[in-house]
Amino acid sequence: MRIIIVGAGKTAEVLIQHLEKSGHDIIIVDKNKNIVENITDHYSVNGVCGSGASREVLLSAGADTADVIISLTPVDEINLLACSMAKSLGTRYAAAEVERKELICDEAYLKEKFGINYILTPKNLVSA
């Protein structure tokens, strides 16, 4: 399975640790080149440096053929845009981390309008 992870924070690193054991093709996307290099040096993943909200960057990461995108940046709007754009490019499933309460309240609307399959909130990230 080809999985794109946008945002290379601690949550992404824990996710990578679990996913790479299952033999998935993982691509990490982050604006910070040093973080991308550090992760690709320590794990069996590929990396793309750039914004997950960029069509060009998502295409470089393989969003046109990806099975899943999981966007975990600290900016909710970037996560929503990255997932929506990846879905429009051909990614089958999308999960976006959303932390702001006013956005979480509109979860059903966000899923429908942005084509997102799963909204990750702090509550369900902690309980997972």
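Structure: above.
Everything quoted here is computed from the prediction, not taken from an experiment. (Residues numbered from 1 in each chain as written. Predicted model: local features only at pLDDT ≥ 70, side-chain atom pairs only at ≥ 80, totals over all residues. Heavy atoms only, no water.)

> What exactly am I supposed to notice about the pairing of strand S5 (residues 93–97) here?
Each regular strand shows side chains that alternate between the opposite faces of the sheet. Here S5 lies mainly inside the structure; four of its five residues are buried. Direction of pairing for strand S4 (residues 68–71) relative to S5: parallel, over a ladder of four bridges. Among the inter-strand pairings, Val-68 is bridged to a residue of S5, identified as Tyr-93. After leaving S4, the chain enters helix H4 (residues 76–89) and then returns to the sheet as S5, a path that is right-handed. Summarising the sheet, S5 and strand S6 (residues 118–120) pair through three bridges and their orientation is parallel. Each bridged residue has a counterpart across the sheet, and for Ala-95 the counterpart in S6 is Tyr-118. (Buried < 20%, exposed > 50% of the residue type's maximum accessible area, 1.4 Å probe, protein only. Helix = DSSP H or I, 4+ residues; strand = E, 2+ residues; numbered from the N terminus. Pairing = 2+ DSSP bridges. Right-handed = clockwise from strand over helix to strand, strands pointing away.)

> I would appreciate a short explanation of the side chain of Asp-30 in the present structure.
Along the polypeptide, Asp-30 turns up in strand S2 (residues 25–30). Buried and unpaired, Asp-30 has Lys-31 as its nearest opposite-charge partner, separated by 7.7 Å. Here Ala-8 takes part through its backbone nitrogen, which lies 2.8 Å from a polar atom of the side chain of Asp-30. (Lys, Arg positive; Asp, Glu negative; His and termini not counted. Salt bridge = Lys/Arg side-chain N within 4 Å of Asp/Glu carboxyl O. Polar contact = N/O pair within 3.5 Å; in protein donor to acceptor, adjacent residues only side chain to side chain.)

> What's the story with the nonpolar core in this structure? I'm lost.
Burial of nonpolar side chains together is a common tendency in soluble globular proteins. Counting 24 residues, the largest nonpolar core has Ile-4, Val-29, Leu-58, Ile-69 and Leu-80 as its most contacted members. Counting residues per element, the ones that place at least two in this core are strand S1 (2–6), S2, helix H3 (55–60), H4 and S5. At six residues, the largest contribution of residues to this core is made by H4. Non-local contacts of Ile-69, meaning those with residues more than four positions away in its chain, are made with Ile-4, Val-6, Leu-58, Ala-82, Cys-83, Ala-86, Thr-91, Tyr-93, Ala-94 and Ala-95. (Core = buried A, V, L, I, M, F, W, Y, C linked by side-chain atoms within 4.5 Å. Contact = heavy atoms within 4.5 Å.)

> Help me understand the pattern of salt bridges, please; the structure alone is not making it clear to me.
A side chain of one charge can pair with a side chain of the opposite charge if their charged atoms are brought near each other. Applying the stated criterion across every chain, the model contains seven salt bridges. A salt bridge links Arg-100 to Glu-77, with the shortest nitrogen-to-oxygen separation between them at 2.2 Å. Here Glu-77 lies in helix H4 and Arg-100 lies in the loop between S5 and helix H5 (101–104), a separation of 23 residues in the sequence. Residue Arg-100 is classed as partly exposed on the basis of its relative accessible area, which comes to 34%. Several salt bridges converge on common partners, so that one network encompasses Glu-77, Arg-100 and Glu-102.

> Help me out: how do you make sense of the state of the cysteines in this one?
Tallied over the entire structure, the rule returns zero disulfides. The thiol of Cys-49 is unpaired, and the distance to the nearest cysteine sulfur, on Cys-83, comes to 19 Å. The partly exposed category is assigned to Cys-49, whose relative accessible area is 42%. With relative accessibility at 0%, the residue Cys-83 sits in the buried group. (Disulfide = S-S within 2.5 Å.)

> Can you walk me through the sheet that holds S6 in this structure?
Where strands meet in a sheet, backbone hydrogen bonds hold them as pairs that are either parallel or antiparallel. Spatially, S3-S2-S1-S4-S5-S6 is the arrangement adopted by the six strands of the open sheet, whose pairing is parallel. A single partner strand is all that each edge strand has here, and the edge strands are strand S3 (46–49) and S6. Across the sheet, the mean angle separating the axes of adjacent strands is 15° when strand polarity is ignored. Pairing of S2 with S3 involves four bridges; the strand directions are parallel. Within the sheet, the bridge partner assigned to Val-29 lies in S3 and is Val-48. In the packing of H4 onto the sheet, contacts are made with S1, S4, S5 and S6, and the angle to S5 comes to roughly 175°. (Axes fitted to C-alpha atoms, helices over the stretch in contact; angles between N-to-C directions.)

In short, shape yes, function no, at least from these values alone.
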